[in-house]
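A closer look at the structure
Chain by chain, the residues:
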Amino acid sequence: MFESFGRGLKLILASIKMGWQDKRLLIPGLMTVFSNFFFAILLFLEGKSRLAAEHGGHAAKAAKHGAAHIAAAMPKAPDIQQMMAQTALNGPWDQSGLSALSDAASPDAVLAVVAILSLWWLTNRFLEGVTTALVYSHLTEGAGSGKFSTSCAAVFSSLPAIITLGIVTLIAKRIARFMRDKRGSGIFGMGINFLSSIVEVFWTMAGHLILPAIVIEGTSFWGALKRADRIGQGNLIAIGVGEIGIDTINRLVMFAVCTGGVAGYSFVWFNHIPATAPIVMIGGAFWAMSVVLVTAMSIYIRAAFFTCLYVWAIEAEALSEAERVNCQPPAPLAAALA
């Protein structure tokens, strides 16, 4: 574990150094963070508008029914029972919003949410592909060789294959989740759980190798899948993903940043410091920038790591098995393995 942590730290520092040499490598990660904010706000506004529309419709119905009851004589017992049913929990006149939430799940609402989530996912994969193309140019042609416009054009031409990758990934994860949810007890249940874990781990690894193949080589999804399978079966990568703990380090850093934010907020709250105080505004801005920077760096480092793995694999593929021993990995991986 500590060895994996040390390798991950070396890889992160080497990736940061590479990004410092060519700061354009960091741009897609920053754009991903801001696009996540944008789509999250868009999804929130969509849900809020649906709830407001449903709540307004129910309020209009309630006013209409109320006027009718006032104009009419005293309602009979069945009418009173009906009114009680309407004002009950989740009834049409319920003010808690639960009824509006259930009605908001209309086909139009579901279609809107699916469209937002799909565009959100596609934007993130597009920017990940741009990072992959820029890192590949940096590793193979030197610092500053990659052009942002060229990388975007390469990824844009590969969108059909990237969309197919997303659909297949979703299906694979759904199958794995279904297998885990439907597992039985005893040895059979343990076997099903083990198989579902294999599907998730394998496809996570394969997906990150398929994307570089799609972007770098411009191949189709199935061609990239065969490429990733060839890399795996040929043992072209001499190190596993689990041997470099970049995910663990990224989570720990993000946890530390979030803990710092909670501690700062607690200090302000307990000491009754106004929100407009300079120290609060400066501290809040610094914390927000820290969250954006750490998130963007984690996105960039993951993309750089898998791009390094892919570059190492295609370089080893061109050599004989005896020559592969002397095949040096790209600089960030070489630093991690030193």
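Starting from 1, residues in each chain are numbered consecutively following that chain's sequence as written. Only residues with pLDDT of 70 or above have their local features reported here, since the model is predicted, and side-chain atom pairs are shown and tallied only from 80 upward, although totals for entire chains, interfaces and linings are computed over all residues. Values shown for side chains rest on all heavy atoms present in the structure; no hydrogens or waters enter the calculation.

**Observations concerning the overall build of the chain**
What counts, and what does not: Secondary structure follows DSSP: runs of H or I at least 4 residues long count as helices, runs of E at least 2 residues long count as strands, and numbering of each begins at the N terminus. Residue contacts are counted whenever heavy atoms from the two residues lie within 4.5 Å of one another. Shrake-Rupley sampling with a 1.4 Å probe provides the accessible areas, and residues are treated as covered by the protein chains on show and by no other component.
Tallying secondary structure elements over the chain gives twelve helices and zero strands in all. Going from N to C terminus, the chain has its helices and strands arranged as α-α-α-α-α-α-α-α-α-α-α-α. Partitioning the intrachain contacts of the chain with sequence separation of at least 6 by distance along the chain shows that 75% fall at a separation of at least 24. With an accessible surface of roughly 20,000 Å², the chain has 70% of that area assigned to carbon and sulfur atoms.

**A look at the packing of aromatic side chains**
Cut-off, in case you're wondering: Paired rings are identified among Phe, Tyr and Trp, the last through its six-membered ring, by centres lying within 6.5 Å, and are further divided according to the angle between planes into stacked (under 30 degrees), edge-to-face (over 60) and tilted (the rest). Exposure categories follow from relative accessible area, calculated using a 1.4 Å probe and restricted to protein chains: below 20% of the type maximum is buried, above 50% is exposed, and the middle band is partly exposed.
One pass over the structure, following the stated rule, counts five aromatic pairs. Between the aromatic rings of F38 and F39, the centroid separation amounts to 5.2 Å while the plane-to-plane angle is 75°, which identifies the pairing as edge-to-face. You can call F39 buried: its relative accessible area is 6%. For the ring pair F221 and W222, a centre distance of 4.7 Å and an interplane angle of 75° mean the geometry is edge-to-face. Its relative accessible area of 2% is what places F221 among the buried residues. Taking the relative accessible area as the measure of exposure, W222 reaches 53% and is therefore exposed. Ring pairing ties together the aromatic residues F38, F39 and W120, which thus form one cluster.

**Brief notes about the packing of helix α10 (residues 246–270) against helix α11 (residues 278–317)**
The criterion, for reference: Axis angles are defined between N-to-C directions and span 0 to 180 degrees, where every axis is a line fitted to C-alpha atoms and, for a helix, only to the segment in contact. Angles below 35 degrees are treated as roughly parallel, those above 145 as roughly antiparallel, those between 65 and 115 as roughly perpendicular, and all remaining angles as oblique.
Viewed as axis vectors pointing N to C, α10 and α11 meet at an angle of 170°, and their least axial separation amounts to 10 Å. Of the possible angle classes, the one that applies to α10 and α11 is roughly antiparallel. For the pair α10 and α11, the contacting residues are I246, D247, N250, V253, M254, V257, C258, G261 and V268 in the first and V280, W287, S290, V291, V294, T295, S298, I301, R302 and F305 in the second.

**A word on helix α5 (residues 107–141)**
Along an α-helix, a turn takes 3.6 residues, which lines up residues three or four apart on a common side. Quick reminder of the rule: Multiplying one less than the number of residues by 1.5 Å gives the expected span of a helix.
In a regular helix each residue adds 1.5 Å, so 35 residues correspond to 51 Å; α5 covers 50 Å between its end C-alpha atoms and thus fits that length. In the segment just after α5, G142 is the residue with positive phi, at about 110°.

**Overview of the pattern of salt bridges**
The criterion, for reference: Take a side-chain nitrogen of Lys or Arg and a carboxyl oxygen of Asp or Glu: if they are within 4 Å of each other, that pair is a salt bridge.
Counted under the stated rule, the structure contains three salt bridges. A salt bridge links R24 to D22, with the shortest nitrogen-to-oxygen separation between them at 3.2 Å. Two residues, R227 and E217, come together in a salt bridge whose shortest N-O distance is 2.9 Å. Placement of the pair is R227 in helix α9 (residues 221–233) and E217 in helix α8 (residues 186–217), with a sequence separation of ten residues.

**Focus on the nonpolar core**
Short version of the rule: Side-chain atoms within 4.5 Å link the members of a nonpolar core, which is a set of buried Ala, Val, Leu, Ile, Met, Phe, Trp, Tyr and Cys residues.
Counting residues in each nonpolar core, the largest one holds 43 residues, and the members touching the most others are F126, I210, I214, Y300, F305 and L333. Of the residues forming this core, the biggest block, twelve residues, is contributed by α11.

**A closer look at unusual backbone geometry**
Positive phi is not limited to glycine here, since H272 has a value of about 55°. The residue H272 is located in the loop between α10 and α11 in this model. What makes H272 exposed here is its relative accessible area of 71%.

**Some remarks on the packing of α5 against helix α6 (residues 148–157)**
To keep it simple, the criterion reads: Take the far helix as your reference; a near helix turned counterclockwise from it by less than a right angle gives a left-handed crossing, and one turned clockwise gives a right-handed crossing. Gly is placed with the polar residues, together with every amino acid not listed as nonpolar (Ala, Val, Leu, Ile, Met, Phe, Trp, Tyr, Cys and Pro) or charged (Asp, Glu, Lys and Arg).
Contact pair α5 / α6: the axes reach a minimum separation of 9 Å and the direction vectors enclose 125°. Classified by the interaxial angle, the pair formed by α5 and α6 is oblique. As for the relative orientation of α5 and α6, their crossing is right-handed in sense. Contacts from F126, G129, V130, A133 and L134 in α5 reach F148, S151, C152, V155 and F156 in α6. A breakdown of the residues in the contact of α5 with α6 according to their chemical character gives eight nonpolar, two polar and no charged.

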